[in-house]
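# Examination of the molecular architecture
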Protein chains: 2
Amino acid sequence: MNLSDVFRADHASAFGPATIGNMTVGFDVLGGTLSGLGDTVHLSLTPCKTLGQSNVSIESIQGTDSEQLPLAATENTAGKALLTLLKGESLNVDIAVRIEKGIPLGSGLGGSAASAVAAVVAMNALLQRPLTQNMLLKYALEGEAVASGAKHADNVTPCLLGGIAGVFSVEPLSVRSIPFPAGMSVAVVKPQVGIKTEAARALLSKQVTTSLMVKQQARLAGFILGCVTHDIPLIQDSFQDDWIEPQRKNLIPHFDAVKEAAAGEGVYGASISGAGPAIFALCKDLATAENALHRMRKVYEATATGALAWACEIPAEGAYILQETEGYSA
Amino acid sequence: MNLSDVFRADHASAFGPATIGNMTVGFDVLGGTLSGLGDTVHLSLTPCKTLGQSNVSIESIQGTDSEQLPLAATENTAGKALLTLLKGESLNVDIAVRIEKGIPLGSGLGGSAASAVAAVVAMNALLQRPLTQNMLLKYALEGEAVASGAKHADNVTPCLLGGIAGVFSVEPLSVRSIPFPAGMSVAVVKPQVGIKTEAARALLSKQVTTSLMVKQQARLAGFILGCVTHDIPLIQDSFQDDWIEPQRKNLIPHFDAVKEAAAGEGVYGASISGAGPAIFALCKDLATAENALHRMRKVYEATATGALAWACEIPAEGAYILQETEGYSA
């Protein structure tokens, strides 16, 4: 069998966007995509050096916090996603991987998911018979799990689908895109501390009171209904978290002050992105997000806390191919 | 001041439909309206006997289980709703009330709510300046609370609004109608045992595990998204309750067998209505509900358990006025 029977080309690159996990009301359920910020993964295929033993090698990782990421393919989220894909699809090929990190490590902005999703999307572009969305998610999820220690699909799903996405079940995987009012945008600040998802998860209480569950599940339901029906008052009233946020906010410098600063006309609410420390504010449009961002940054400037900051749209598109793949040339 | 300055007429009657509380995935959040089954409330106004001291008297209660219901206005859900309305709106008038119960007592089908809602809807038809939907809900909620011991709006809201309704907050009250696929219908069986809402509530655990919360809130979110976007697979996958149902099902004779019997093509799921003992199955259309009902009834017939049974549509309209009010004739 020739590689060209299976693969359309021998190299491809894809961009995986940063994502907001949990999205205030959807712990492990909701995620949103961010424009502009993300990771890029380049793949090059060569015939297997050892027949029947596919190999994935991470050749380089560049960009933000790249020196702290593992080069061993089994420990790297992109590498692990590709290894799982090769095994799952019984593909025999060696893959050389180059990663450009745009998303800071331990930021709560879905960097692990972005590299894993970009890797499987690039690989998919090389296949003569592309995989289904659900299979891509499954492989990306296996990749992301090496970093987070558990399978949670609220980053990989929006990263692949774009927009705002809901994870309604992980086993079996059931996800949907959630329509939302056009223009909705996000202001994000990330103070210069890193939080490990595993650690942030370990500090969560294993129990919730029934009354809090009633309140929070109504907010999740209200947020989704509000998004789909463009009911802005319902979105705004619903976008609050009395469950996860109080348990995690002390990990984040000046959280309360930043959240308070975010508040304003057209700002639907602010909370922790994923496991933090990034804080995001959901806004009616990009101009509102830019204004909110300005107020949020000022808190960190006034306290001499280093912080990164972005104002982003929520793009309809998720991960995408960066360049046309060419005819297979091996 | 003449009564005719404030009131359009001196008598009115309204019908309040039965409702499914909780609706499997929306404990205290979701409710659905049932066609056909309900309570009727007749009001007659007369000038206050004692000036400035409005009086509500329950003249008669007829129909299903009526002999077990309190005639004291302060303990009767219709009476209490009217008393609260009179006080809240500073109205001076005496009201004589006749109630026809169609909904069995302690069935989990929203009988307390139906009488309270029908009372405020009839009263509203008599006012020269009608009240807002939210005010009507508030007064009905005060009425219903005398029976259930607490304020939960997942029966009064669908009873007033019709269709499927969501309660996103009780204080302050925030409710919405939830669009759903046309034709969706319900099979309901009620075995001949009564359950007090207060007792069914008291046996619920005050705590929930975080993992169960994630699962159940995803199901609520999925059900609502599925309803609004007409995504039948998502409705079906989501319509399951591992939270409340396991805690309450032992109060209901042959629950597991009835639930199993309900299952079939076009049946999205079956669970407890409100606090029970009614069991309902959500179905794609009325014919499917009639078939499911036939299978569910057979379980009770085979075990010689007395049971009432209904196949109902989910009407778009909630409580309604039964007769044209006439010009005020006092």
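To be clear, the structure that these remarks concern was listed above.
This section reports on the structure supplied with the text. Throughout this description, residue numbers start from 1 for each chain and increase along the sequence as written. Just so you know, chain letters begin at A and ligand numbers begin at 1, following the order they were written in. Reporting in this predicted model follows two pLDDT cut-offs: at least 70 for local features of residues, and 80 or more for side-chain atom pairs to be given and counted; totals over whole chains, interfaces and linings ignore these cut-offs and use all residues. The basis for every side-chain value is the complete set of non-hydrogen atoms in the structure, without hydrogens or water.

### Some details on unusual backbone geometry
All names here are of chain A. Looking along the chain, the bond that leaves E171 and enters P172 is cis, with omega of -5°. Runs of H or I in DSSP of at least four residues are treated as helices and runs of E of at least two as strands, each being numbered from the N terminus. Here P172 lies in the loop between β5 (164-169) and β6 (174-178). Phi at N22 takes a positive value of approximately 65°, unusual for a residue other than glycine. As for its placement among the helices and strands, N22 is situated in the loop between β1 (11-21) and β2 (30-46). Residue S90 is not a glycine yet carries a positive backbone phi of 50°. In this structure, S90 sits in the loop between α2 (77-88) and β4 (94-101).

### Notes on the side chain of D39 of chain B
Residues and elements named next belong to chain B. Mapping D39 onto the fold places it in strand β2 (residues 30-46). The exposure class assigned to D39 is buried, which follows from its relative accessible area of 0%. In terms of polar contacts, D39 uses its side chain to reach the side chain of K101, at 2.4 Å. There is a polar contact of 2.9 Å between the side chain of D39 and the backbone nitrogen of G102. Accessible area is worked out with a 1.4 Å probe on protein chains only. A residue is then buried under 20% of its type maximum, exposed over 50%, and partly exposed in between. For the purposes of these results, a polar contact is taken to be a pair of N or O atoms within 3.5 Å, where, inside protein, one atom must be able to donate a hydrogen and its partner to accept one; residues adjacent in sequence count only when each atom of the pair is a side-chain atom.

### Looking at the sheet that holds strand β9 (residues 267-272) of chain A
All names here are of chain A. Spatially, the 4 strands line up as an open sheet ordered β9-β10-β7-β11, and their pairing is antiparallel. Either end of the sheet is taken by a strand with one partner, and the two such strands are β9 and β11 (307-313). Strand-to-strand twist in this sheet, taken as the mean axis angle between neighbours without regard to direction, amounts to 15°. Across 5 bridges, the pairing between β9 and strand β10 (residues 279-283) is antiparallel. Considered in β10, the bridge of G269 is made with L282. The contact criterion used throughout is that any non-hydrogen atoms of two residues lie within 4.5 Å. To define axes, lines are fitted to C-alpha atoms, for helices over the stretch in contact only, and angles between the resulting N-to-C directions are given on a 0 to 180 degree scale. In the packing of helix α11 (residues 286-302) onto the sheet, contacts are made with β7 (185-191), β9, β10 and β11, and the angle to β7 comes to roughly 15°. Strands qualify as paired when DSSP identifies two bridges or more between them.

### A look at the pattern of salt bridges
All names here are of chain A. Any carboxyl oxygen of Asp or Glu that lies within 4 Å of a side-chain nitrogen of Lys or Arg is treated as forming a salt bridge with it. Applying the stated rule across the entire model yields 19 salt bridges over all chains. Here E171 and K151 are joined by a salt bridge, their closest N and O atoms 3.5 Å apart. Remark: K151 occurs in the loop between α4 (133-148) and α5 (156-161) and E171 occurs in the loop between β5 and β6; sequence separation between them is 20 residues. E171 gets classed as exposed once you look at its relative accessible area, which sits at 63%.

### What to know about the packing of helix α10 (residues 255-262) of chain B against helix α11 (residues 286-302) of chain B
Residue and element names in this part refer to chain B. In contact at an axis separation of 8 Å, α10 and α11 are set at 155° when each is read in the N-to-C sense. By the criterion of interaxial angle, the relationship of α10 to α11 is roughly antiparallel. Note on packing geometry: the crossing formed by α10 with α11 is right-handed. Listed contacts from α11 to A257, V258, A261 and A262 of α10 are A292, R295, M296, V299 and Y300. Put simply, angles under 35 degrees are roughly parallel, angles over 145 are roughly antiparallel, angles from 65 to 115 are roughly perpendicular, and the rest are oblique. For any helix crossing, the convention is left-handed if the near helix is rotated counterclockwise from the far helix by under a right angle, and right-handed if that rotation is clockwise.

### Brief notes about the pairing of β5 of chain A
Residue and element names in this part refer to chain A. Of all the 6 residues making up β5, 5 are buried; the element is thus mostly covered by neighbouring parts of the structure. Pairing geometry for β5 and β6, over 5 bridges, is antiparallel. Looking at β6, one finds that S169 is bridged to S174. Here β5 folds back onto β6, and the loop between the two strands holds 4 residues.

### Some details on the packing of helix α3 (residues 111-126) of chain A against α4 of chain A
Residue and element names in this part refer to chain A. Between α3 and α4, the least distance of the axes is 8 Å, while the angle of their chain directions is 145°. Where α3 crosses over α4, the two elements pack in a sense that is right-handed. For the pair α3 and α4, the contacting residues are S112, A113, A116, V117, V120 and N124 in the first and L136, Y139, A140, G143, E144 and A147 in the second. Following the grouping adopted for this structure description, the nonpolar residues are Ala, Val, Leu, Ile, Met, Phe, Trp, Tyr, Cys and Pro, the charged ones are Asp, Glu, Lys and Arg, and the polar ones are all others, Gly among them. Of the residues assigned to the contact of α3 with α4, the class counts are 8 nonpolar, 3 polar and 1 charged.

### A look at the pairing of β4 of chain A
All names here are of chain A. Judged by how many residues are buried, β4 sits mostly within the fold: 6 of 8 residues are covered. One ladder, built from 7 bridges, connects β2 with β4; its direction is antiparallel. Looking at β4, one finds that S44 is bridged to A96. Pairing of strand β3 (residues 55-63) with β4, which is carried by 8 bridges, proceeds in the parallel orientation. Each residue of the ladder has a partner; that of S57, found in β4, is A96. Here a crossover is taken to be right-handed if, once the strands point away from the viewer, the path from the first strand over the helix to the second is traced clockwise. For the handedness criterion, the β-α-β arrangement of β3, α2 and β4 is classed as left-handed.

### Considerations on the interface of chain A and chain B
The interface is formed by 35 residues belonging to chain A together with 35 residues belonging to chain B. Put simply, buried area is how much 1.4 Å-probe accessible surface two parts lose in total, over both of them, once they are put together. Summing both partners gives a buried area of about 2,800 Å² for chain A against chain B, and 69% of it is carried by carbon and sulfur. Counting across the chain A and chain B interface gives 2 salt bridges. A salt bridge links R176 of chain A to D231 of chain B; the nearest nitrogen and oxygen atoms lie 2.5 Å apart. There are 7 residue pairs in polar contact (both at pLDDT 80 or more) connecting chain A and chain B. For the side of chain A that touches chain B, the secondary-structure elements that each account for two or more residues are β5, β6, β8 (207-209), α7 (210-229) and α8 (232-238) of chain A. The element that contributes the greatest number of residues to the side of chain A that touches chain B is α7 of chain A, accounting for 14 residues. The residue makeup of the side of chain A that touches chain B, split by class, is 20 nonpolar, 11 polar and 4 charged. Here β8 of chain A pairs with strand β8 (residues 207-209) of chain B via 3 bridges, running antiparallel. Bridging across to β8 of chain B, T209 of chain A finds its partner in Q207 of chain B.

### Notes on the sheet that holds strand β10 (residues 279-283) of chain B
All names here are of chain B. An order of β9-β10-β7-β11 is seen for the 4 strands of this open sheet, with the pairing classed as antiparallel. Bordering the open sheet on either side are β9 (267-272) and β11 (307-313), each of which pairs with just one other strand. Neighbour to neighbour, the strand axes of the sheet diverge by 15° on average, direction disregarded. On top of the sheet, α10 reaches β7 (185-191), β9 and β10; it is set at about 165° to β9, its chief contact.

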